[in-house]
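Each chain, written out:
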Amino acid sequence: MEADGTVGQTANLAVSASTSPVSNTQYQWQYAVTLSNPAANSINNVTLTTTLPAGIRVLSKPAVCTVASASITCNVASLPAGSEVFTFTLAASSKPAGSARATVTSDALDNDLSNNSATNDFAPLFNNTQVRVEGGGKSGGTVHPWMVFILAALLAIRFGEP
């Protein structure tokens, strides 16, 4: 399969993406998309397009990016050799479902389109967030002084302090 592109400029752009929770209680996370340009020169007119599942809000984004409905578009006039990370803070009103798909295109001839997109499933981000800690028993959740004494004694024994 041959890709359309600007005569004389070739590329092998690649995209990868990762996610990490920011707030478990508010269903917020960072979505980092890395564009890689292994060429020795900059690639002109690069576009990163990310399609989000329904119900996802964009709280922050790089200045070169715009948001329209469930799509983020980042227009990069010149992507230097190496890699560049685009970080977004996303949120949902409930546990997110669905996947985001990030795709990179450019005016350059890209002979390997197999690495030009990445998909991330948002559902596993908050699988273990239903933790509730309550005081219980007779202590009502407080630590008794004798517990602190025992802990201090055990630490002293462990680390050789008199």
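Residues numbered from 1 in each chain as written. Predicted model: local features only at pLDDT ≥ 70, side-chain atom pairs only at ≥ 80, totals over all residues. Heavy atoms only, no water.

**Student:** Explain the overall build of the protein to me, and be specific about the residues and the numbers.
**Tutor:** A tally of regular secondary structure across the protein gives one helix and 11 strands. Walking the protein from its N terminus toward its C terminus, one meets helices and strands in the order β-β-β-β-β-β-β-β-β-β-β-α. Taking all 162 residues of the protein together, the buried fraction comes to 31%. Per element, the accessible surface of the protein, about 9,900 Å² overall, is 54% carbon and sulfur. (Helix = DSSP H or I, 4+ residues; strand = E, 2+ residues; numbered from the N terminus. Buried < 20%, exposed > 50% of the residue type's maximum accessible area, 1.4 Å probe, protein only. Areas by Shrake-Rupley, 256 points an atom, 1.4 Å probe, with all protein chains shown as cover.)

**Student:** Give a description of the nonpolar core that names residues and reports values.
**Tutor:** Judged by nonpolar contacts, the single largest core of 30 residues is most densely connected at Phe88 and Phe122. At the level of secondary structure, the elements contributing two or more residues to this core comprise strand S3 (28-37), strand S4 (43-51), strand S7 (71-79), strand S8 (82-91) and strand S9 (99-105). When residues no more than four places from it in sequence are discounted, the contact partners of Phe88 are Trp29, Gln30, Tyr31, Val33, Ser60, Lys61, Pro62, Cys65, Ile72 and Cys74. (Core = buried A, V, L, I, M, F, W, Y, C linked by side-chain atoms within 4.5 Å. Contact = heavy atoms within 4.5 Å.)

**Student:** Quick rundown of the pairing of strand S2 (residues 14-23)? Include the residues and the values.
**Tutor:** Working note: regular strand, side chains alternate between the two faces of the sheet. Here nine bridges tie S2 to S3, and the two strands are oriented antiparallel to one another. Across the sheet, residue Ser20 finds its bridge partner in S3, namely Gln30. If you look at the hairpin formed by S2 and S3, you'll find four residues sitting between the two strands, and Tyr27 has a positive phi there, around 50°. (Pairing = 2+ DSSP bridges.)

**Student:** Quick rundown of the state of the cysteines? Include the residues and the values.
**Tutor:** According to the stated counting rule, one finds one disulfide in the structure shown. Between the sulfur of Cys65 and that of Cys74 lies a disulfide, 2.0 Å long from S to S. Of note, the bridge from Cys65 to Cys74 carries an S-S torsion of about 105° and is right-handed in sense. Across the pair, exposure class does not vary: Cys65 and Cys74 are buried alike. (Disulfide = S-S within 2.5 Å.)

**Student:** An account of unusual backbone geometry is needed here, citing residue identities and associated values.
**Tutor:** Notably, Asn45 is not glycine yet its phi reads approximately 55°, a positive angle. Inspection of the secondary structure puts Asn45 in strand S4. By relative accessible area, which is 41% here, Asn45 ends up partly exposed. Of note in this structure, Ser69 is not a glycine but carries a positive phi near 60°. Relative to the helices and strands, Ser69 is located in the loop between strand S6 (65-68) and S7.

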